[in-house]
Amino acid sequence: MRTADLLRVLVALVASLAFVGASVPLASAEPDEPTPDEPTPDEPSPDEPTPETPEEGDEEDESESDESGSGDTEPAEDEASDEATEEDGVGNDEASEEEADEPKDELLAIIGGNVHTVTGPTIPGGTVLIRNGRIDAIGRRVTIPDEAEVIDASGHEVYPGLIAVDSSGLLSRNPREGTDPYAIQLPFVLAAGITTAITSDNAGKVTSGTLDGILLRENLFIELEYLSTEPAKRREIRRGLGDARRYLRDLAAHEREKALEKLGEDEESELEPPDDEPVKGRNSRYKRLLEGDAIARFEADEAGDLVAIADLAEEFGLRVIIIGAEEGWTVADRLGRADISVVVRPRAFNPGDDDRMRANGATIENAGILHRHGVPVAVIPADTWFTQGTQVGLWGLAGKDLKHLAYSAAFAVRGGLPSRAAIESLTITAARTLGIDDRVGSLEVGKDADVIITDGDLLHFMTHVRYAVVNGRVAYDKAEDTLFNHIRPDGDRASVGEAPADHWPRRLGEPW
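Per-chain numbering applies: the sequence of each chain, read as written, is numbered from 1 onward. In keeping with the predicted nature of the model, local features appear solely for residues at pLDDT of at least 70, side-chain atom pairs appear and are counted solely at 80 or more, and the whole-chain, interface and lining totals rest on all residues. The side-chain figures draw on all heavy atoms in the structure; neither hydrogens nor water molecules are used.

Peer 1: Could you clarify how one ought to interpret the overall build of the protein chain in this entry?
Peer 2: Helical segments are the DSSP runs of H or I of at least four residues, strand segments are the runs of E of at least two, and each set is numbered from the N terminus. Within the protein chain, the regular secondary structure consists of 13 helices and 17 strands. Residues classed as buried in the protein chain amount to 39% of the 512 residues present. Should any heavy atoms of two residues lie within 4.5 Å, those residues are considered in contact. Excluding contacts between residues fewer than 6 apart, the proportion of contacts in the protein chain whose partners are at least 24 apart in sequence is 62%. As presented, the protein chain carries roughly 29700 Å² of accessible surface, and 49% of it is formed by carbon and sulfur atoms. With a 1.4 Å probe rolled over the protein chains alone, any residue whose accessible area is under 20% of its type maximum counts as buried; one over 50% counts as exposed, and the rest are partly exposed. For accessible areas, the Shrake-Rupley method is used with a probe of radius 1.4 Å. Any residue's cover is judged against the shown protein chains and nothing else.

Okay, here's the thing in structure tokens:
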């Protein structure tokens, strides 16, 4: 072999041995000690974050978190749920506080009495359930809540509160502002069964002890004089009504013409509305009458005046009340055709004039005859030396005219008015006459809870009111009031009872 070839073989052999020595370390060789500048495999580099040492059982958590997503998700949800729980706790507390602050229903149940609904049947042993001042249920199978206050009316009569269609001194002319809720006369009024009184042209409740809910309705009617003895006033009324009617007709025609115009969005009508001068100021009352916003109230007794008012009502389409109508029985058919309501005084005394060539004067049969001709009849006491007019008032000893309201209806029964119509004359007919029958006048679900409980027939002269409920609140309790509590305290007409020594008014025969 040549020297050059031999040299190449040796170089290749040495290279191979060097490669093998570098790839396979000797088994007996000791591991090299790490230098201070190099980190050991068990120690993290200063530049890398130190991993947390997992606690026992964390491996499963890590594996589960790896499968479901980020490992931070569940702790965040736990915190959110804790916060939600705290918030829910606060919310529940607030809700419970709000529930505690909410006013509870005021419940009153009158049970066991004979319930005279007036507009419906009489319910023997019935129940009237009152909730928050309104009648909630009526019947013989009414469920009474445990928290309801209960009045046992067994053996007694239950009626709607009475309405004094014209009164003086019972309430202020402006009931809400001028009435003293603690005035001494209010127990007298309630003891007579009156829960609603008309004073001026306003209707008020005899609430006694509070002013809440005292005003029922304002501006019920407009008073007009249309007597044959006042021709100038007749002309004024006819002229005012005529002008108001023409204005309303012109206004209606104007509105029709405007409706026929085809105007663009930015165009305004050039049509001029009618002059409203005829319905301004004092004449505005005629517009209210023609539009049905108020009732025309007249005082008249003689037949000629009654017929003239009936003609006026039909000509202008007015709603009319006539106070008095002593000779209404002579023209009852005419008043019935004109749909006029009357407020009569059954005990009025007027023997009439025999020299006249027609029937005239007052009669106890007036209310009965008017009723048979379809005339709605309400009742008030008769004129006396004390009343000085037609109102229910506090005239005479202890306000005797208050009690005379029911007595007057009883007189009408004696004159031929059916008993049911007599009770209606003090309740629902009076309410309809005044346009307040949506609130009072009968015992119906949804109406104001104005109820009286009596120890006998309302029209009997010995009957006493034992309770008067106004707007769902007991405003008068005979047993608690010193006015009549000594008279038949148990409701038995055969018993009288003993008056206390300091009782007022003192009984007859006792020293003052």
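After that view, the rundown keeps rolling.
Peer 1: In this structure, what is going on with the pairing of strand β2 (residues 122–131)? I would like to understand it.
Peer 2: Two faces belong to every sheet, and in a regular strand the side chains alternate between them. Paired strands, in this sense, are two strands between which DSSP finds at least two bridges. Judged from the eight bridges that link them, strand β1 (residues 107–116) and β2 form a sheet pairing that is antiparallel. Note that in β2 the partner of Gly-113 across the bridge is Gly-126. The turn linking β1 back onto β2 is made up of five residues, and Val-118 within it adopts a positive phi angle of 75 degrees. Sheet topology places β2 next to strand β3 (residues 134–139); five bridges connect them, and they run antiparallel. By the bridge assignment for β3, Val-128 is matched with Ile-138. The turn linking β2 back onto β3 is made up of two residues, and Asn-132 within it adopts a positive phi angle of 50 degrees.

Peer 1: Sorry, what's going on with the side chain of Glu-327 here?
Peer 2: As for its position among the elements, Glu-327 is in the loop between β12 (320–324) and α9 (332–337). In this structure the side chain of Glu-327 is engaged in a polar contact, spanning 3.0 Å, whose partner is the side chain of Arg-358. Excluding residues that lie within four positions of it along the chain, Glu-327 makes contacts with Asp-301, Glu-302, Ala-303, Leu-306, Arg-356, Arg-358, Asn-360 and Gly-361. Whenever two N or O atoms come within 3.5 Å, that pair is a polar contact, provided that in protein one can donate a hydrogen and the other can accept it, and provided that, for residues adjacent in sequence, both atoms are side-chain atoms.

Peer 1: Would you mind showing me how to read the packing of aromatic side chains here?
Peer 2: Geometrically, a pair of aromatic rings is defined through the distance of the ring centres and the angle of the planes. Here is the rule: rings of Phe, Tyr and Trp (six-membered ring for Trp) pair when centre to centre is within 6.5 Å. Planes less than 30 degrees apart are stacked, more than 60 are edge-to-face, and the remainder are tilted. Here the structure, examined in full by the defined rule, presents one aromatic pair. By definition here, charges over rings are those cases where NZ of Lys or CZ of Arg is within 6 Å of the ring centre and within 35 degrees of the ring normal. One cation-aromatic arrangement involves Arg-234 over Tyr-226; the distance from NZ or CZ to the ring centre is 4.8 Å. The ring of Phe-411 has Arg-347 lying over it, and the distance from NZ or CZ to the ring centre is 5.9 Å.

Peer 1: Please explain the environment of Val-142 as it appears in this structure.
Peer 2: Locating Val-142 in the fold gives a position in the loop between β3 and β4 (149–152). In this structure the C-alpha to C-alpha distance between Val-142 and Gly-126, which are 16 residues apart in sequence, comes to 8.5 Å.

Peer 1: What's the story with unusual backbone geometry in this structure? I'm lost.
Peer 2: In most cases, non-glycine residues show a negative phi, while peptide bonds are predominantly trans. Non-glycine residue Ser-200 carries a positive phi angle of around 55 degrees. Summarising the element assignment, Ser-200 is placed in the loop between β7 (194–199) and β8 (202–205). Of note in this structure, Ala-325 is not a glycine but carries a positive phi near 50 degrees. For Ala-325, the location among the structural elements is in the loop between β12 and α9. On the basis of relative accessibility, which here comes to 0%, the residue Ala-325 falls in the buried class.

Peer 1: Can you help me understand helix α6 (residues 231–260) in this one?
Peer 2: Note that an α-helix has 3.6 residues per turn; residues three or four places apart therefore point the same way. A helix is expected to span 1.5 Å for every residue after the first. Given a rise of 1.5 Å per residue, 30 residues ought to cover 44 Å, and the 44 Å separating the end C-alpha atoms of α6 matches this to within 8%. Among the residues of α6, Arg-234, Ile-237, Gly-240, Leu-241, Gly-242, Ala-244, Tyr-247 and His-254 are the ones counted as buried. Buried residues along α6 sit in contact with α7 (284–291) and α8 (303–316).

Peer 1: Can you walk me through the pattern of salt bridges in this structure?
Peer 2: A pairing counts as a salt bridge when a side-chain nitrogen of Lys or Arg comes within 4 Å of a carboxyl oxygen of Asp or Glu. In this structure the tally under the stated criterion is 28 salt bridges. The partner of Asp-166 in a salt bridge is Arg-297, and the shortest N-O contact between them spans 2.9 Å. Of the two residues, Asp-166 sits in the loop between β6 (162–164) and α4 (175–178) while Arg-297 sits in strand β11 (residues 295–300), which places them 131 residues apart along the sequence. Close ionic contact of Glu-299 with Arg-297 constitutes a salt bridge, the shortest N to O distance being 3.4 Å. Members of the salt-bridge network, linked through shared partners, are Arg-134, Lys-205, Arg-439, Asp-448 and Asp-450.

Peer 1: Would you take a moment to explain α7 for this structure?
Peer 2: Taken together, the buried positions of α7 are occupied by Arg-285, Tyr-286, Leu-289 and Leu-290. All buried residues of α7 fall inside an arc of 135 degrees around its axis, so they share one side. Where the residues of α7 are buried, they touch β10 (221–223), α6, β11 and α8. Gly-292 sits one or two positions beyond α7 and adopts a positive phi of about 80 degrees. The arc under discussion is defined with respect to the helix axis, by the directions toward the C-beta atoms.

Peer 1: Sorry if this is basic, but what is going on with a negative patch on the surface here?
Peer 2: Like charges within 9 Å and nonpolar side chains (Val, Leu, Ile, Met, Phe, Trp, Tyr) within 5 Å are joined into patches, using only residues over 30% in relative accessible area that form no salt bridge. The sign given to each residue is positive for Lys and Arg and negative for Asp and Glu; His and the chain ends receive no count. Working definition for charges: the position is that of NZ of Lys, CZ of Arg, CG of Asp or CD of Glu. On the surface, a cluster of negative charge is made up of Glu-265, Asp-266, Glu-267 and Glu-270. Relative to the elements of secondary structure, Glu-267 occurs in the loop between α6 and α7. Overall, the relative accessible area of 48% leaves Glu-267 in the partly exposed class.

Peer 1: I would appreciate a short explanation of the nonpolar core in the present structure.
Peer 2: Nonpolar side chains in soluble globular proteins tend to be buried together. Grouped together as the largest cluster of nonpolar side chains are 75 residues, with contacts concentrated most on Leu-241, Leu-289, Val-320, Ile-322, Leu-335, Ile-340 and Val-342. Those residues in contact with Val-342, other than ones at most four positions away along the chain, are Ile-322, Ala-325, Leu-335, Leu-370, Val-375, Pro-376, Val-377 and Ala-378. Joining through side-chain atoms within 4.5 Å is the link that ties buried Ala, Val, Leu, Ile, Met, Phe, Trp, Tyr and Cys residues into a set, and such a set is a nonpolar core. Counting residues in each nonpolar core, the second largest holds 18 residues, with Val-165, Phe-221, Ile-295 and Val-440 among its members.

Peer 1: What exactly am I supposed to notice about the packing of α6 against α7 here?
Peer 2: Each packed pair of helices is defined by two parameters, the angle between the axes and the distance between the axes. With their axes 9 Å apart at the nearest point, α6 and α7 run at an angle of 65 degrees to one another. Classified by the angle between their axes, α6 and α7 sit roughly perpendicular to one another. For the element pair α6 and α7, the recorded crossing hand is right-handed. Listed contacts from α7 to Glu-236, Ile-237, Gly-240, Leu-241, Ala-244, Arg-245, Tyr-247 and Leu-248 of α6 are Arg-285, Tyr-286, Lys-287, Leu-289, Leu-290 and Glu-291. Interaxial angles span 0 to 180 degrees and are taken between N-to-C directions of axes, which are lines fitted to C-alpha atoms, for helices over the stretch in contact. Oblique is the label for any angle not covered by the other classes, which are roughly parallel (under 35 degrees), roughly antiparallel (over 145) and roughly perpendicular (65 to 115). Whether a crossing is left-handed or right-handed is set by the direction in which the near helix is turned from the far one by less than a right angle, anticlockwise for left-handed and clockwise for right-handed.

Peer 1: Any chance you could explain the environment of Ile-111 here in plain terms?
Peer 2: Mapped onto the elements of the fold, Ile-111 is located in strand β1. Taking the relative accessible area as the measure of exposure, Ile-111 reaches 23% and is therefore partly exposed. Among residues more than four places away in sequence, those in contact with Ile-111 are Gly-126, Thr-127, Ile-144, Val-150, Ile-151, Asp-152, Ala-153 and Ser-154.

Peer 1: Sorry, what's going on with the sheet that holds β10 here?
Peer 2: Either a parallel or an antiparallel arrangement is found when strands of a sheet pair, and the pairing is made through backbone hydrogen bonds. In space, the five strands of this open sheet follow the order β10-β11-β12-β13-β14, with parallel pairing throughout. The sheet is open, and its two edges are formed by β10 and β14 (377–379), each paired on a single side. Averaged over all neighbouring strand pairs, the angle between strand axes comes to 25 degrees, with direction disregarded. Across the face of the sheet, α7 comes into contact with β10 and β11 while running at roughly 130 degrees to β10.

These figures come from the coordinates and say nothing about function on their own.
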